[in-house]
Amino acid sequence: MPIGQHLFRSTALVTGAGRGIGLGIATALAKAGFQVALTDIDEDSAARSASLLGDQGYPTLAMKLDVTQADAWAHAVGEVTARWGGLDLLVNNAGISPRGTIESTDEALWDRTLAINLKGPWLGIKASLPSLQRRQGTIVNIGSTRATRPMPGLFSYVTSKAGLLGLTRQVAVETLGQGVTCNMVAPGWVDTPGERLIQAEQGRPDFPQGVSNLTTPEDVGGAVVFLASPAGRKVNGIILYLDSGLHVADDAGMVYLPDEQSVRYHQPIANPFTPPSEPRS
Ligand code: NAP
């Protein structure tokens, strides 16, 4: 039986779904038969993306949702329940990836990153759990390979995604026996509007030119569909890497390479284990 037929009339709420990976996830879920609530802090982008799918005949709902606000979560889950009877799948995708080291990260940036990337998913899970428990639903948190493979200059981001992995496992354990699953999908580098902005700010306006082994929003969408499908029901508390296996080869020597070379890391290279020519002290 095609996967979409089985999932038809299941409902999903995706955060940060106005663009990028969130839109890729919402599209994959709609094609698999989900009724999808596309939410974003940017109400217009959520509405644009929802009508893009609605025009193709998929049942969607667009809502403004700032994931850092508990009352906004209560409202969003209430709307989905009123429209479709409940929630089967929560996808915590909204996130930011600001640059900054231990020293250059100030308290405001730390608070903002942790609020969006870590507190937001907790608030969403808290608001959705009664419905997910009733309907034996699924939670998917969008993490990053950086949750377990830190990189200099991503201080608050790496910390937040590592925290999100802990939260994922904790939720899986606390909901054991309730029929609810909670997993983290960890994409490698993805070409998205947000990432293009960051790369341009970092002096790489031509991103992703020359970079290989990129992950796509469609890849992430496919993984979410799998985790929410009957085939994924026994998968719980895991981190599912979507990075062509790069994290397996990752090591401190490679991530500490200067910037231009770390971009090359994503391209086929003869010997990825060649140490940097200037040993670091
Ligand atoms: P993106 O292009 O910047 O899209 C993120 C969306 O989330 C934007 O529409 C953004 O709205 C929205 N958002 C920001 N703050 C929010 C909030 N408080 N509440 C609700 N929505 C909010 O980002 P992306 O690259 O698709 O990344 C999506 C997720 O994947 C993030 O969790 C990110 O960490 C993760 N990820 C990305 C990559 C990558 O290489 N791109 C790799 C690994 C993991 P505004 O534009 O209005 O702020």
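Here is what the cut-offs are and how they apply
- Throughout, residues of each chain are indexed from 1 in the direction in which the sequence is written.
- Where totals are concerned, whole chains, interfaces and linings use all residues; where local detail is concerned, this predicted model gives features only for residues with pLDDT of at least 70, and gives and counts side-chain atom pairs only at 80 or more.
- Calculated side-chain values reflect all of the structure's heavy atoms, with hydrogen atoms and water omitted.
- Here, a salt bridge means any side-chain nitrogen of Lys or Arg that lies within 4 Å of a carboxyl oxygen of Asp or Glu.
- Note on conventions: DSSP H or I runs of at least 4 residues are helices, E runs of at least 2 residues are strands, and numbering of each starts at the N terminus.
- A 1.4 Å probe rolled over the protein chains alone gives each residue an accessible area, and that area as a share of the maximum for its type sets the label: buried under 20%, exposed over 50%, partly exposed in between.
- Ring geometry is summarised as follows: Phe, Tyr and Trp rings, the Trp one being its six-membered ring, pair when their centres sit within 6.5 Å, and such pairs are stacked at plane angles under 30 degrees, edge-to-face over 60 and tilted between the two.
- Lines fitted to C-alpha atoms define the axes, with helix axes restricted to the stretch in contact, and inter-axis angles between N-to-C directions lie between 0 and 180 degrees.
- Just so you know how the angles are binned, under 35 degrees is roughly parallel, over 145 roughly antiparallel, 65 to 115 roughly perpendicular, and the rest oblique.
- Should the near helix be turned counterclockwise from the far one by less than a right angle, the crossing is left-handed, whereas a clockwise turn marks it as right-handed.
- Any two residues whose heavy atoms approach within 4.5 Å are treated as being in contact.
- Amino acid classes used here: Ala, Val, Leu, Ile, Met, Phe, Trp, Tyr, Cys and Pro are nonpolar; Asp, Glu, Lys and Arg are charged; the rest, including Gly, are polar.
- Any residue with at least one heavy atom within 4 Å of a molecule or strand is counted as near it.
- Any pair of N or O atoms that falls within 3.5 Å is considered a polar contact. Within protein, one atom must be able to donate a hydrogen and the other to accept it, and sequence-neighbouring residues count only if both atoms are side-chain atoms.
- In short, Shrake-Rupley with a 1.4 Å probe defines the accessible areas, and a residue's cover is counted only from the protein chains shown.
- Only when DSSP finds a minimum of two bridges between them are two strands counted as paired.
- As a per-residue measure, pLDDT reflects the predictor's confidence and takes values from 0 up to 100.

1. Some points on the pattern of salt bridges
Tallied over the full model, the rule gives 3 salt bridges. The residue Glu195 makes a salt bridge to Arg99 at a minimum N-O spacing of 3.5 Å. With Glu195 in helix H7 (residues 193-201) and Arg99 in the loop between strand E4 (89-92) and helix H5 (107-134), this pair connects stretches of sequence that are 96 residues apart. Exposure remark for Glu195: the relative accessible area of 11% places this residue in the buried category. Where Arg196 meets Asp191, a salt bridge forms, and the shortest distance between an N and an O atom there is 2.7 Å. On the basis of relative accessibility, which here comes to 40%, the residue Arg196 falls in the partly exposed class. The exposure class of Asp191 is partly exposed, given its relative accessible area of 26%.

2. Considering the packing of aromatic side chains
For any pair of aromatic rings, the description consists of the separation of the ring centres together with the inter-plane angle of the planes. Counting across every chain of the model gives 2 aromatic pairs. Both rings, one in Trp110 and one in Phe155, keep their centres 6.0 Å apart while their planes meet at 35°; by these two values the pair is tilted. Residue Trp110 is located in helix H5, and its partner Phe155 is located in helix H6 (residues 155-174); the two are separated by 45 residues in the primary sequence. Classification of Trp110 as partly exposed rests on a relative accessible area of 33%. Look at Trp189 and Phe207: their rings are 4.9 Å apart centre to centre, the planes differ by 40°, and that puts the pair in the tilted class. Linking Trp189 in the loop between strand E6 (181-187) and H7 with Phe207 in the loop between H7 and helix H8 (217-228), this pair joins segments that are 18 residues apart in sequence. Both residues of the pair, Trp189 and Phe207, count as buried.

3. Some points on the environment of Ala30
Here Ala30 is to be found in helix H2 (residues 20-31). Sequence spacing of Ala30 and Thr11 is 19 residues, and the spatial spacing of their C-alpha atoms is 9.5 Å.

4. Some details on the packing of helix H4 (residues 70-84) against H5
Where H4 contacts H5, the axes come no closer than 9 Å and their chain directions differ by 40°. In terms of their interaxial angle, H4 and H5 are classed as oblique. Relative to H5, the crossing made by H4 is right-handed. Of the residues in H5, those touching H4 at Ala70, Trp73 and Val77 are Gly120, Leu123, Gly124, Ala127 and Ser128. For the contact of H4 with H5, the per-class residue count stands at 5 nonpolar, 3 polar and no charged.

5. Topic: the side chain of Thr168
Considering the arrangement of structural elements, one finds Thr168 in helix H6. With residues up to four places along the chain from it excluded, the contact list for Thr168 reads Asn141, Cys182, Asn183, Met184 and Ile238.

6. Things to note about the site of the ligand
Neighbouring residues of the ligand: 27 residues in total, closest Arg19, Asp40, Asn93, Val190 and Thr192. Ile21 places a main-chain nitrogen or oxygen 2.9 Å from an oxygen atom of the ligand. In this structure, an oxygen atom belonging to the ligand sits 2.8 Å away from a main-chain N or O atom of Val190. Bound to the protein, the ligand loses 87% of the 890 Å² it would expose on its own.

7. Comments concerning the sheet that holds E6
Across the sheet, which stays open at both edges, the 7 strands sit in the order E3-E2-E1-E4-E5-E6-E7 with parallel pairing between neighbours. At either margin of the open sheet sits one strand with a lone partner, and together these are strand E3 (60-64) and strand E7 (239-242). Pairwise comparison of adjacent strand axes, ignoring direction, gives a mean angle of 20° for this sheet. Sitting on the sheet, H5 is in contact with E4 and strand E5 (138-142), with an inclination near 180° to E4.

8. As for the confidence of the model for the protein
Residue-level pLDDT values for the protein average 89, and 86% of them are 70 or greater. Across the protein, the secondary-structure element scoring lowest on mean pLDDT is helix H10 (residues 252-255), at 46, and the one scoring highest is E5, at 99. Contacts of residues 1-6 to residues separated by more than four positions or lying in other chains number 7 contacts, the stretch itself having pLDDT below 50. For the stretch residues 252-258, pLDDT sits under 50, and the model shows 14 contacts to residues farther than four places along the chain or on other chains.

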